[in-house]
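Geometric and topological summary
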Amino acid sequence: MSMNNVEIKVGLYIQEFEPSNKKECEKVKNQFYKTIENVRDSDIDLLVFPETSFRPDDFPSTDVEEIALAISEMVGKAVIVGFRTSNYMICGVFANAFYCEGETRTAIYYKHIFTQCSPFDMEDYESIIDNYFPVVDFKGLKLGMTICYDLTQSIFSRKYGRDGVDIVINTTGSDVNIRKWSAYLKTRAIENNCYALCVDGYSLIKKQKGKTEQGMIALGYNSKGQRLSSKSLKTNKEVLSDEFEKDEVYVIDFSVSKNTNSEKVLPQNATVPKFEDIKLPADNIQEYLDDCKKLEDGLYVKKKTAGGVSFSLVFCVVNGDEILKPECVLSKLYSNALDAYKNRRYIVVCKYADCGKTYFDDIIASVIVSRTSENYVSLIFESKLRNLCLQVTRTKNVQLVENVNGKYSLDLDRAKGPDLLWERRNSQKMSSKWKENFVKLLESLNK
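The text that follows walks through the structure, step by step, so that each part is easy to find. (Residues numbered from 1 in each chain as written. Predicted model: local features only at pLDDT ≥ 70, side-chain atom pairs only at ≥ 80, totals over all residues. Heavy atoms only, no water.)

Observations regarding helix H10 (residues 435-446)
- Helix length check: H10, at twelve residues, gives a terminal C-alpha distance of 17 Å against a target of 16 Å (1.5 Å per residue), a fit within 8%.
- All buried positions along H10 are accounted for by Asn-437, Phe-438, Val-439, Leu-441, Leu-442 and Leu-445.
- On its buried side, H10 packs onto helix H3 (154-162) and helix H7 (326-333). (Helix = DSSP H or I, 4+ residues; strand = E, 2+ residues; numbered from the N terminus. Expected span 1.5 Å × (residues − 1). Buried < 20%, exposed > 50% of the residue type's maximum accessible area, 1.4 Å probe, protein only. Contact = heavy atoms within 4.5 Å.)

Below, the structure is given as structure tokens:
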């Protein structure tokens, strides 16, 4: 991907939203206009609001594209603004009131998961998938948009990656864990060979309820997994840590942005899980696979009983850089060949003939951590450089499993894979009915 001769500055606005009384509302409204004035006087090209953007009631229209265009006009820049529509869809609207020929004027992306209503509810989803992933043309670049939890499932950003976008921008509400979010964001940049940005808001209602972890992030990564530097619009000072502030715009200047060495995402210390259901060989998983039933290329199953319960162990094997392509792993996890097996537990096996230390540290480590947590699987990695095993914890962190006498002990409760994502929940925000269209989206990537 080349960004030569393109100079673009993106402002990520950590906005306070959800005022709970009149006084707060007035304060947030004043802040909105003050920020717009500051951005108008700056040389930012694109201003990105968080997922649930606050807007004053000064806009007569109820049409989200018209409101976003009015804000773009007011700011003097292109914008991405978040809305909740009258039919409970959450969307991000790109609007550029100053578009040139060949550029996008408006585009809408609808949130797919952890939402009340999703594009996955649409019966004709399969035939109009591309409409739900609009590629924005802006200043010679191609941009994609995702919202909040869509970042945690690789398939949504991957759709844009396959369409060759330069930047994917994720807008988020509030309350995200910065360590988890930055690991996902970094992986999305690496696997799609593009830049990945994210901005998070600050909820006044959540603050009142005593929720202290308010998120507040404005981050960017490049395709090498390096974090992009950002500056405060108010002070022009570079952000050196994760101490972002609310009501602030953080500017990522792609023409000069320094790339900082990436944070370590792999746990430093290996530990033994509290609960153990099975032991797997730590140095030659192939030996174990040879004793399994092969369903198709790279997909194996073995029946196992632990604690009086019968499991189907599913092994999804990928080789080398296939691990960088989310669809390689997903197409095995979602294979129809698994339908006949009950109580499945999923183990992803990644084999590298040769993997240099720098490449492992900068690229692979991030990706295997994300593959483990986003898919709720255990993961075994084998290479000349090192062998390791990861499993997701109950808080969706990732544990490095200790090799004890040549064996990894695994807690199968933590490897429920896609079955956990799509289990019938009481929650309004995830529907097991959406799985069918999720699979159609996956199939469109494999065509």
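What to know about the side chain of Lys-302
- Checked against the element boundaries, Lys-302 lands in strand E19 (residues 299-306).
- Here Lys-302 is in contact with Tyr-288, Asp-291, Cys-292, Phe-311, Ser-312 and Leu-313, once residues within four sequence places are set aside.

Focus: the environment of Val-136
- As for its placement among the helices and strands, Val-136 is situated in strand E7 (residues 136-138).
- Residues Val-136 and Asp-339 lie 203 residues apart in sequence; the distance between their C-alpha atoms is 38 Å.
- Those residues in contact with Val-136, other than ones at most four positions away along the chain, are Phe-94, Thr-104, Ala-107, Leu-141, Lys-142, Leu-143 and Met-145.

Digging into the nonpolar core
- Core analysis: the largest hydrophobic core is formed by 101 residues, its most contacted members being Leu-46, Phe-94, Ile-323, Ile-364 and Phe-381.
- Residue contributions to this core peak at seven residues, all from helix H8 (residues 357-375).
- In this structure, Ile-364 is in contact with Asp-321, Ile-323, Leu-324, Tyr-352, Cys-355, Tyr-359 and Phe-381, ignoring residues within four places of it in sequence.
- Core analysis: the second largest hydrophobic core is formed by 26 residues, Tyr-13, Phe-59, Val-79 and Phe-83 among them. (Core = buried A, V, L, I, M, F, W, Y, C linked by side-chain atoms within 4.5 Å.)

Details of H7
- Extensive coverage of H7 is indicated by the burial of seven of its eight residues.
- Three or more residues of H7 are buried, namely Pro-326, Glu-327, Cys-328, Val-329, Leu-330, Lys-332 and Leu-333.

Structural notes on the packing of helix H1 (residues 22-40) against helix H2 (residues 64-75)
- Here H1 crosses H2 at 55 degrees, and the two axes come no closer than 8 Å. In terms of their interaxial angle, H1 and H2 are classed as oblique. From H1, Phe-32, Tyr-33, Ile-36, Val-39 and Arg-40 reach across to H2, where they touch Ile-71, Met-74 and Val-75.
- Residues belonging to the contact of H1 with H2 are distributed by class as follows: seven nonpolar, no polar and one charged. (Axes fitted to C-alpha atoms, helices over the stretch in contact; angles between N-to-C directions. Parallel < 35°, antiparallel > 145°, perpendicular 65-115°, else oblique. Nonpolar A, V, L, I, M, F, W, Y, C, P; charged D, E, K, R; others polar.)

Description of the packing of H7 against H10
- Where H7 contacts H10, the two axes come as close as 10 Å, and the packing angle between them is 130 degrees. On the basis of their axis angle, the class for H7 and H10 is oblique. Here the hand of the crossing between H7 and H10 comes out left-handed. Where H7 abuts H10, its residues Glu-327, Leu-330 and Ser-331 lie against Leu-442, Leu-445 and Asn-446.
- A per-class count over the contact of H7 with H10 returns three nonpolar, two polar and one charged. (Left-handed = near helix turned anticlockwise from the far one by under 90°.)

Structural notes on the pairing of strand E22 (residues 378-382)
- For E22, a buried count of five out of five residues is recorded, marking the element as mostly surrounded by other parts of the structure.
- Residues Ser-378, Ile-380 and Glu-382 point to one face of E22 and Leu-379 and Phe-381 to the other, with burial holding for every one of them.
- Examined bridge by bridge, strand E21 (residues 344-351) and E22 share five bridges and lie parallel to one another. Of the residues in E22, the one forming a bridge with Val-349 is Ile-380.
- In this fold, E21 hands off to H8, which returns the chain to E22; that crossover is right-handed.
- In sequence, E22 turns back onto strand E23 (residues 388-392) through a hairpin of five residues. (Pairing = 2+ DSSP bridges. Right-handed = clockwise from strand over helix to strand, strands pointing away.)

Focus on the sheet that holds strand E3 (residues 46-48)
- Strand order in the open sheet formed by seven strands is E6-E5-E4-E3-E1-E15-E14, and the pairing between neighbours is mixed. Two strands lie at the open edges of the sheet, namely strand E6 (106-110) and strand E14 (231-232), each paired on one side alone.
- Two strands pair when backbone bridges link them, and strand E4 (residues 78-84) and strand E5 (residues 90-95) are joined in this way by six bridges, in the antiparallel orientation. Within the sheet, the bridge partner assigned to Val-81 lies in E5 and is Val-93.
- Along the sheet, H2 makes contact with E3, E4, E5 and E6, crossing E4 at roughly 145 degrees.

Let's talk about the packing of aromatic side chains
- Tallied over the entire structure, the rule returns 21 aromatic pairs.
- Taken together, a centroid distance of 6.2 Å and an interplanar angle of 35 degrees make the contact between Phe-32 and Phe-49 tilted. One end of the pair, Phe-32, is in helix H1; the other, Phe-49, is in the loop between E3 and H2, with 17 residues separating them in the sequence.
- Residue classification places Phe-32 among the buried residues on the basis of a relative accessible area of 0%. (Phe/Tyr/Trp six-rings, centres within 6.5 Å; stacked < 30°, edge-to-face > 60°.)

Looking at the sheet that holds strand E26 (residues 407-410)
- The antiparallel open sheet is built from three strands, whose spatial order is E17-E26-E25. Of all the strands in the sheet, the pair left with one neighbour each is strand E17 (278-281) and strand E25 (403-404).
- Pairing of E25 with E26, which is carried by two bridges, proceeds in the antiparallel orientation. Across the sheet, residue Val-404 finds its bridge partner in E26, namely Lys-407.

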